[in-house]
Amino acid sequence: MNNQNHPSNGWFARGLKAQYYRPAAKAAGFCFAKNPIKFPSAAVRDDSLDLSFSGIKTAVLNYINQEKQKGNELPRADIAAGFVEAAVSSVVIKLGKAFDRNPEMKTLVLAGGVAANSHLRAALEKMCKKRGIQLCMPERALCGDNAAMIAAAGYFEYCGHA
């Protein structure tokens, strides 16, 4: 998988004049966002379960560049909050479709570095509770890499449920 567009790889942080994504969100006062900027959904607008985050990336960069050209101060918290809202809601939309199509599925495993995102965790907890789906995810401290995801995939492969 190509992680070139992942926020931690620089484009997001550079736009917000911060060194890394987490400090960018913290420095931006992310928790204090008053008016999150509306960015496009990453949920591909068809009947597939595909996601494409390149549109959000482009929209964020365009917004930042337009505001700079106007000489406006960047609403860093609102940009960060808007990005997270667009990304998280996109994942929830597509997972909802997946569960609608596969009503026999009763468990969702969230793993890897993205599982540390508190906004994604909260949104998936809400979705799963509403649908009666069991959500399995490691403690945030264990979400630093994809080891849990690979272990889960290996377990299911070993058990013959690939």
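One can find the structure itself at the top, above this paragraph.
A brief look at the structure comes next.

The rules behind each value
- Residues numbered from 1 in each chain as written.
- Predicted model: local features only at pLDDT ≥ 70, side-chain atom pairs only at ≥ 80, totals over all residues.
- Heavy atoms only, no water.
- Helix = DSSP H or I, 4+ residues; strand = E, 2+ residues; numbered from the N terminus.
- Buried < 20%, exposed > 50% of the residue type's maximum accessible area, 1.4 Å probe, protein only.
- Contact = heavy atoms within 4.5 Å.
- Areas by Shrake-Rupley, 256 points an atom, 1.4 Å probe, with all protein chains shown as cover.
- Axes fitted to C-alpha atoms, helices over the stretch in contact; angles between N-to-C directions.
- Parallel < 35°, antiparallel > 145°, perpendicular 65-115°, else oblique.
- Left-handed = near helix turned anticlockwise from the far one by under 90°.
- Polar contact = N/O pair within 3.5 Å; in protein donor to acceptor, adjacent residues only side chain to side chain.

### A look at the overall build of the chain
Moving on, step 1. Check the secondary structure of the chain and you find six helices and two strands.
Moving on, step 2. The linear arrangement of helices and strands in the chain, starting from the amino end, is α-α-α-α-β-α-β-α.
Moving on, step 3. For the chain, buried positions account for 36% of its 162 residues.
Moving on, step 4. Here the analysis covers contacts within the chain between residues at least 6 apart in sequence; of these, 66% occur between residues at least 24 apart.
Moving on, step 5. Within the structure as shown, the chain displays about 10,300 Å² of accessible surface, and the carbon and sulfur contribution to it stands at 54%.

### Regarding the packing of helix α3 (residues 54-69) against helix α4 (residues 76-101)
Moving on, step 1. It is at 11 Å that the axes of α3 and α4 come closest, and there the two elements cross at 165°. When the axis of α3 is compared with that of α4, the two are roughly antiparallel. Considering the relative orientation of α3 and α4, their crossing is right-handed. On α4, the residues touching I56, V60, Y63 and I64 of α3 are I79, F83, A86 and A87.

### Here we look at the side chain of S48
Moving on, step 1. For S48, the location among the structural elements is in the loop between α2 (21-27) and α3.
Moving on, step 2. On the basis of relative accessible area, S48 is assigned to the buried category, the value being 18%.
Moving on, step 3. Side-chain polar atoms of S48 contact the side chain of D46, separated by 2.5 Å.
Moving on, step 4. Excluding residues within four positions of it along the chain, S48 makes contact with K94, K97 and R101.

### Observations regarding the packing of α4 against helix α5 (residues 118-131)
Moving on, step 1. Look at α4 against α5: their axes get within 10 Å of each other, and the N-to-C directions meet at 30°. It follows that α4 is roughly parallel to α5 by the angle criterion. For α4 against α5, the interelement crossing comes out right-handed. Residues V84, V88, V91, V92, L95, G96, F99 and D100 of α4 pack against H119, L120, A123, L124, M127 and R131 of α5.

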